[in-house]
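Report on the structure
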Amino acid sequence: MIVLAATAAAFTGWTVPTSFPTSVVLMLVLLFAALRTCAPQLVGGEQLLQIGDRPWHKAPRGGRRASPGPGRVQARPTHPPPHAVRRPEAEQPPSPEAGPARYPANGSAAPAGCPAHGVSPPAPVAAPAWTGQDAVRAAAEEFLELYAAENPRSGRIGPRIAAVHREIDLTGTYWHTPEELAFGARVAWRNNARCIGRLYWRSLQVRDLRTVGDASGVAGHCFDHLRAAHNGGKIRPMISIFAPETPTRPAPRIWNEQLIRYAGYAEPDGRVLGDPRYRPFTTELIRRGWQPPTRRSAFDVLPLVVETADEGPQLFQLPQHSIHEVPLEHPDLPWFADLNLRWHAVPVISNNRLDIGGISYPAAPFNGWYMGTEIGARNLADEDRYALIPEVAQRLGLDTSTEATLWRDRALVELNRAVLHSFKSQGVSITDHHTESRRFLVHLDREERAGRQCPTDWSWIVPPMSGSQTPVFHRLYTADEQSPNFFTDPETTSRGLQGTPPAFRL
Ligand code: ARG
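Rules used in this analysis
Residues numbered from 1 in each chain as written. Predicted model: local features only at pLDDT ≥ 70, side-chain atom pairs only at ≥ 80, totals over all residues. Heavy atoms only, no water. Helix = DSSP H or I, 4+ residues; strand = E, 2+ residues; numbered from the N terminus. Contact = heavy atoms within 4.5 Å. Areas by Shrake-Rupley, 256 points an atom, 1.4 Å probe, with all protein chains shown as cover. Buried < 20%, exposed > 50% of the residue type's maximum accessible area, 1.4 Å probe, protein only. Lys, Arg positive; Asp, Glu negative; His and termini not counted. Salt bridge = Lys/Arg side-chain N within 4 Å of Asp/Glu carboxyl O. Polar contact = N/O pair within 3.5 Å; in protein donor to acceptor, adjacent residues only side chain to side chain. Pairing = 2+ DSSP bridges. Expected span 1.5 Å × (residues − 1). Phe/Tyr/Trp six-rings, centres within 6.5 Å; stacked < 30°, edge-to-face > 60°. Axes fitted to C-alpha atoms, helices over the stretch in contact; angles between N-to-C directions. Parallel < 35°, antiparallel > 145°, perpendicular 65-115°, else oblique. pLDDT = per-residue confidence, 0-100. Left-handed = near helix turned anticlockwise from the far one by under 90°. Nonpolar A, V, L, I, M, F, W, Y, C, P; charged D, E, K, R; others polar.

1. Considerations on the overall build of the protein
- Assigned secondary structure in the protein consists of 13 helices and 20 strands.
- The contacts in the protein between residues at least 6 apart in sequence include a share of 73% that link residues at least 24 apart.
- Summed over its atoms, the accessible surface of the protein is roughly 23200 Å², and 56% of this surface lies on carbon and sulfur atoms.

2. A few points about the side chain of R198
- Locating R198 in the fold gives a position in the loop between α5 (178–190) and β5 (205–208).
- There is no salt bridge for the buried R198, and the closest opposite charge comes from E447, which lies 7.4 Å off by N-O distance.
- Here N192 takes part through its backbone oxygen, which lies 3.1 Å from a polar atom of the side chain of R198.
- Engagement of the side chain of R198 in a polar contact is seen with the backbone oxygen of C195, the distance being 2.7 Å.

3. Some details on the environment of Q291
- By the secondary structure assignment, Q291 is in the loop between α7 (279–287) and β10 (304–308).
- Classification of Q291 as exposed rests on a relative accessible area of 59%.
- Taking the C-alpha atoms as reference points, Q291 and L302, eleven residues apart in sequence, are found 9.9 Å from one another.

4. Quick look at the pattern of salt bridges
- Inspection of the entire model under this criterion finds 27 salt bridges.
- For R353, the salt bridge is made with D355, and the minimal N-O distance between the two is 2.4 Å.
- For D355, a relative accessible area of 12% translates into the label buried.
- For D445, the salt bridge goes to R449, with nearest N and O atoms at 2.9 Å. Residue D445 and its partner R449 are both found in helix α11 (residues 433–449); the two are separated by four residues, about one turn of the helix.
- For R449, a relative accessible area of 69% translates into the label exposed.
- Several salt bridges converge on common partners, so that one network encompasses E150, R190, E447 and R452.

5. As for the pairing of strand β11 (residues 312–316)
- Of all five residues making up β11, five are buried, and the element is well covered by its neighbours.
- Pairing of β10 with β11, which is carried by five bridges, proceeds in the antiparallel orientation. Paired with V305 across the bridge in β11 is L315.
- Taking the residues that link successive antiparallel strands as the turn, the β10-β11 hairpin has three residues.

6. Considerations on the side chain of S422
- Along the chain, S422 falls in helix α10 (residues 407–425).
- Reaching out from S422, the side chain makes a polar contact with the backbone oxygen of A418 at a distance of 2.6 Å.
- Apart from the residues lying within four places of it in its own chain, the contact partners of S422 are V326, P327, L328 and E329.

7. A few points about helix α4 (residues 157–171)
- Along its 15 residues, α4 runs 21 Å from first to last C-alpha, staying within 8% of the 21 Å computed at 1.5 Å per residue.
- After α4 finishes, the residue G172 shows a positive phi value of roughly 80°.

8. Let's talk about the pairing of strand β20 (residues 485–488)
- With burial as the criterion, each face of β20 is covered, one bearing N485 and F487 and the other bearing F486 and T488.
- In the sheet, strand β15 (residues 353–356) pairs with β20 via three bridges, with the strands oriented antiparallel. Considered in β20, the bridge of L354 is made with F486.

9. Here's the deal with the packing of aromatic side chains
- Enumeration according to the criterion identifies 14 aromatic pairs in this entry.
- Between Y278 and F281, the aromatic rings sit 6.5 Å apart at their centres with planes inclined by 70°, giving edge-to-face as the arrangement. This pair shows no difference in class: Y278 is buried, exactly as F281 is.
- For the pair W343 and Y386, a centre-to-centre distance of 5.7 Å together with 85° between the ring planes defines the contact as edge-to-face.

10. Remarks on the packing of α7 against helix α13 (residues 490–498)
- Taken N-terminus to C-terminus, the directions of α7 and α13 make an angle of 75°; their axes are 6 Å apart at the nearest point. With respect to α13, the element α7 is oriented roughly perpendicular. Only R495, G496, L497 and Q498 of α13 make contact with α7, whose side of the interface consists of P280, F281 and E284.

11. So, the confidence of the model for the protein
- Of all residues in the protein, 74% attain a pLDDT of 70 or more, and the chain-wide mean is 82.
- When the criterion is pLDDT under 50, residues 1–20 qualifies, and its contacts beyond four places in sequence or with other chains add up to 15 contacts.

12. Thoughts on the sheet that holds strand β17 (residues 366–367)
- The four strands lie next to each other as β5-β6-β17-β14, forming an open sheet whose pairing is mixed. Strand pairing shows two members of the sheet lacking a second neighbour, β5 and β14 (348–349), which therefore form its edges.
- The sheet contact formed by β5 and strand β6 (residues 238–241) spans four bridges and is parallel. Paired with Q205 across the bridge in β6 is M238.
- Against the sheet, α5 contacts β5 and β6, and its axis sits at roughly 130° relative to β5.
- Where helix α6 (residues 215–230) meets the sheet, its contacts fall on β5, β6, β14 and β17, and the angle it forms with β6 comes to roughly 165°.

13. Some points on the packing of helix α3 (residues 133–150) against α4
- Close contact between α3 and α4 brings their axes to 10 Å; oriented N to C, the two are set at 155°. Considered as vectors, α3 and α4 are oriented roughly antiparallel to each other. Our pair here, α3 against α4, has a crossing hand that is right-handed. Residue-level contacts link Q133, V136, R137, A140, E141, L144, E145 and A148 of α3 to I157, R160, I161, V164, H165, I168 and D169 of α4.
- Its residues placed into classes, the contact of α3 with α4 shows eight nonpolar, two polar and five charged.

Here it is, written out as structure tokens:
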């Protein structure tokens, strides 16, 4: 409105009080005012959707074809399209090493999301990738009612539900308003029973990228996500939501479990250089044309794999500027730095399906910041990961001849001190498990006051070290699944670990 008025004033001359330069100044002032009221927040040069309480019917209607309206500027890759890694000429059979995918027997989907400390067996729940029209209608209605109940200023719910029903009748799907999308993503986080860090669910920044569905577009925006979320060390919880699944067009898929993961190379002696969790995935990507660095290391960042129905799986090397890592050192053990350990700063989970009101967004990478134990008590310590406890114990000079010396526990503590100390001293957001446990209880309390159940899975919430020293250990929770939510499907899990099976046949 204001922009239009300013433009009209400048070009028609009516009501323009004085000379041409004055009208130009007037126009600039009005433009500035307009931008302040309706432009998205500008954060570190990145344009992010600013969510307001606008009633839905005043929001510009989107759709695949529509351009984002005023105040809904889409984040755009700031770099040239990423380089695709060369693929082998012909599809070859999967390497025997990749082996059969290990699916849970029930073939179900599991709520996932913000695993506080690793991976546990998927829970038996179902949320199919594409559901029939009736299911979409019912899920849409339930979600829109929730949205209206929690956003009382959003206008009357009846007309919006009717409009969505009509849209579903015509197209089999519907398009969330940007406000619904942002609310849905935040509530999906709030509903995630495995995440201890949910106190900040309202602060999730939402990048609306629903018009992006091609592999290099997705990859480019993922790289921008990494940079924007890192934010010079002050990590911002963030989600990038790419094109949804529709009856006529399948959504893109990101194969990697996280945007940054380290390769695991099988060595001739049977050992693994790097992260053993990704040994089969690494082998498969090499077979697909990825060339590891000439000098392989324990922390080589894997390329990103984005698959679309039209293009098949495409590999993209991450640009250096989107990779932020923290070299690890210990506050009082100088030798610790000689271990040459490091970890990436931002955990961006990239293979979970975001489900909002019957609409499925399979490509919706999101991040919070790390809790130290995820790195120090799992990634670097688990026997099937970097398995560093024996080495740390040996360097500490501990007596490892019997378990009763608790050398494992003592080494674990020092490793975790190093993680927390290094992130802190390098200005990268991280939290410890004691602080985070207390915050989680604050969250539970707030949820209860708001009259909501907070689905919580004890086995994921209790930290993997010193559990009983944290208050979250000493109580029980309800874990009923709620929607919106994040899910991992068995095939998706397999793709993230084995690099197979592809989502689409070309
Ligand atoms: N546990 C995973 C890892 O160590 C990260 C899961 C998400 N964590 C988080 N703090 N948002 O990489």
